[in-house]
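Chain by chain, the residues:
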Amino acid sequence: MTQQFIKQEKIRFQHIDYAGIVFYPRFLEMLNCLVEDWFEEALDRPFSKMHDTNGIPTVDLKIQFKNAARLGEILTKKLWVKELKNSSVLCGFQFVNESEKTVLEGEVTLVNVKIQEDRNNIKAEPFSEEMKEKILNYKL
């Protein structure tokens, strides 16, 4: 069974600029929250437990902004897996407004890494077989 990971987010005053639309870096924060929620809620790997020894940094990000989002709107944020490799995962994402118009869409590549004690040495590390199975539940 494959599925998308879906969350909703209300556009708040903190998200908008002087023009009354979402300031584009706030979309990156919203995307990061979506990834963090996916890891915690769907993959049972919360950032709070992994970031002492492991991480999942973004190494590539592509975004197309399609429509503005305004204060008070509810966005539906969707994430799915496009490709799973040994230590990286390519995800597609889309944010849709209440009128079903795409606000933005794109791809994000995340890499599973091991962080050494001194934090100076970070290397890619293969996903466990158990984690691969969980991730593949979201492959479309």
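Up top is the structure.
Because the structure is a prediction, the values reported are computed rather than measured. (Residues numbered from 1 in each chain as written. Predicted model: local features only at pLDDT ≥ 70, side-chain atom pairs only at ≥ 80, totals over all residues. Heavy atoms only, no water.)

Chemist: Mind showing me how you'd approach the sheet that holds strand 1 (residues 5-10) here?
Modeler: An order of 1-4-5-6-3 is seen for the five strands of this open sheet, with the pairing classed as antiparallel. A single partner strand is all that each edge strand has here, and the edge strands are strand 1 and strand 3 (58-65). Adjacent strand axes in the sheet meet at a mean angle of 20° when their direction is disregarded. The pairing of strand 5 (residues 88-96) with strand 6 (residues 102-111) spans nine bridges and is classified as antiparallel. (Pairing = 2+ DSSP bridges. Helix = DSSP H or I, 4+ residues; strand = E, 2+ residues; numbered from the N terminus. Axes fitted to C-alpha atoms, helices over the stretch in contact; angles between N-to-C directions.)

Chemist: Teacher, can you tell me more about the pattern of salt bridges here?
Modeler: Oppositely charged side chains can form a pair if their charged atoms are brought close together. According to the stated counting rule, one finds nine salt bridges in the structure shown. We note a salt bridge from K66 to E105, for which the minimum N-O separation is 3.5 Å. Separated by 39 residues along the polypeptide, K66 in the loop between strand 3 and strand 4 (74-84) and E105 in strand 6 bring together distant segments of the chain. Exposure remark for K66: the relative accessible area of 41% places this residue in the partly exposed category. As a salt-bridge pair, K134 and E130 come within 3.5 Å of each other at their nearest N and O atoms. Of the two residues, K134 and E130 both sit in helix 3 (residues 129-136), four residues apart, roughly one turn of that helix. (Salt bridge = Lys/Arg side-chain N within 4 Å of Asp/Glu carboxyl O. Buried < 20%, exposed > 50% of the residue type's maximum accessible area, 1.4 Å probe, protein only.)

Chemist: Looking at this structure, I do not really get the environment of K10. What am I missing?
Modeler: Along the chain, K10 turns up in strand 1. Residue classification places K10 among the partly exposed positions, given a relative accessible area of 42%. Measuring from C-alpha to C-alpha, the distance between K10 and G72 comes to 6.2 Å, with 62 residues separating the pair along the chain. Excluding residues within four positions of it along the chain, K10 makes contact with H15, G72, E73 and I74. (Contact = heavy atoms within 4.5 Å.)

Chemist: Sorry if this is basic, but what is going on with the nonpolar core here?
Modeler: One recurring pattern in soluble globular proteins is that nonpolar side chains are buried together. Ranked by internal contacts, the top residues of the largest apolar core, which has 32 residues, are F27, W38, F39, L75, V89, F95 and I135. Secondary-structure elements contributing two or more residues to this core are helix 1 (24-42), helix 2 (47-50), strand 4, strand 5, strand 6 and helix 3. Broken down by element, the residue count for this core peaks at seven residues, all from helix 1. (Core = buried A, V, L, I, M, F, W, Y, C linked by side-chain atoms within 4.5 Å.)

The analysis is restricted to geometry; functional conclusions fall outside its scope.
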